[in-house]
Amino acid sequence: MLMASKLTPTIITWLILPTCLLIFLYSSLLPFYTAPNSRSSDSKNQILAPPQCKLFKGRWVFDPNHKPMYNSTCPFHRNSWNCIKNQRENMGRINSWKWVPEQCDLNRIDPARFLGLMRNKNIGFVGDSLNENFLVSFLCILRVADAGAKKWKRKGAWRGAYFPKFNVTVAYHRAVLLAKYEWQPQESELSDKDGVRGTYRVDIDIPADDWANIADFYDVLVFNTGHWWGYDKFPKEKPLVFFKGGKPIHPLEMLDGFKVVVESMVAHIEKAFPKKTLKFWRLQSPRHFHGGDWNQNGSCLFDNPLEELQLDLWFDPSNNGVNKEARQLNHLIESALKGTSIRTLDLTHMSEFRADAHPAIWLGKKDAVSVWGQDCMHWCLPGVPDTWVDILTQLIGYSLEMG
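So, here is what we can say about the structure in this document. (Residues numbered from 1 in each chain as written. Predicted model: local features only at pLDDT ≥ 70, side-chain atom pairs only at ≥ 80, totals over all residues. Heavy atoms only, no water.)

**Remarks on the packing of aromatic side chains**
Selection rule: Here is the rule: rings of Phe, Tyr and Trp (six-membered ring for Trp) pair when centre to centre is within 6.5 Å. Planes less than 30 degrees apart are stacked, more than 60 are edge-to-face, and the remainder are tilted. Put simply, DSSP marks the helices as runs of H or I at least four residues long and the strands as runs of E at least two long, and each gets a number from the N terminus on. For every residue, the accessible area (1.4 Å probe, protein chains only) is compared with the maximum for its type, and the residue is labelled buried under 20%, exposed over 50%, or partly exposed between those bounds. Only when the NZ of Lys or the CZ of Arg is both within 6 Å of the ring centre and within 35 degrees of the ring normal is a charge said to sit over the ring.
Counting across every chain of the model gives 23 aromatic pairs. With 5.9 Å between their ring centres and 85 degrees between their planes, Phe-125 and Phe-138 make a pair best called edge-to-face. Of this pair, Phe-125 sits in strand S3 (residues 122-127) while Phe-138 sits in helix H4 (residues 129-142), and the two are 13 residues apart along the sequence. With respect to class, Phe-125 is no different from Phe-138; both count as buried. Ring plane angle 55 degrees and centroid distance 6.3 Å describe the contact between Trp-228 and Phe-234, whose orientation is recorded as tilted. Overall, the relative accessible area of 2% leaves Phe-234 in the buried class. Within the aromatic cluster, the residues linked to one another by ring pairs are Phe-114, Phe-125, Phe-134, Phe-138, Trp-379 and Trp-388. The residue whose ring lies beneath Arg-201 is Phe-243, and the NZ or CZ to ring-centre distance is 3.9 Å. Here the guanidinium or amino end of Arg-354 rests over the ring plane of Trp-60, the centre of that ring lying 4.6 Å away.

Encoded structure:
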């Protein structure tokens, strides 16, 4: 017993010392273990998001309790997208689908909290009408927290809103190709060749005037281009001709021209915009023309989202369908963004499911369908872009909180 009593303090000491050492090591290493991987140099181009969260992958789940935050009376609506006002069928059902990402939850935006986070800051959208579609959704949602929001206009910005309670401006700059382009009707060497009546000159290294001088105004920017890059917009008798440094580049096909413009605009953004500006590039918003393109009696009169097994049939370029361009263009964009500070906002996959959510024939204008065909490209509002807003604001909030 005496021997045991003498050994006890020694044993306790040897037990306590390793335990203290383990606690010290654990507390020292814990911050390194929990730090987000997005800070590493290898993932420079990845969006800052909660660890393991896959916001862009998931499924749509029908939830009758999922309701939009605004209605047809929002003053920022564009008439052709105001599907409630235009009495589009199944609007209640369209807005009862909830996006459920893999391995995390997508919180719906709290407009007041988000505007509080963005106080004294500005958000800009630059690109084509799909970014304007995005903007309108954003403005109508944010207005829930500031009914005094006013329409905003500044030279170079097509439209936007100012939220006086928070001193926040959210605006859109129309630049369908991003690069500067202009019609040149007198190209004598081309005018009599193959029916060409003139050309559109695209200066791949010069941003369009609409967004050429905005670098110091915005704290967050969302860029896009893609829907104008087709022969329906620029037919062979009115082709795009590309210039760099004021000199013509050898003739480029449409996709090659798109590639050099995106690469050049990405380089310009990296050089001209402050590093502190949070920059996103939204990938393509997929179209859902069925049975033909917009000018070939294509339609999108669907009651439900597509099934996942249908997506490749609709969108895989190898199937050469009318909606193939979204994935084609995304591949070129993602390549151009590698290694940059511009973060990919990949809303394509989640939107591919939603063939049911376009304005289709409900355009609010008597002869619109006979003139323009069904709209299977833009989105009903409220609708799918509201979920885009949830994703974007969650990423902005997380990025700002992480510094």
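**Considering the pairing of S3**
Operational definition: The criterion for strand pairing is that DSSP finds at least two bridges linking the strands in question.
Where burial is concerned, most of S3 is hidden: six out of the six residues are buried. Covered by surrounding structure in S3 are Asn-122, Gly-124 and Val-126 together with Ile-123, Phe-125 and Gly-127, the residues of both alternating faces. Bridging between S3 and strand S6 (residues 168-174) involves six bridges; their strand directions are parallel. Across the sheet, the residue bridging to Gly-127 is Arg-174, located in S6.

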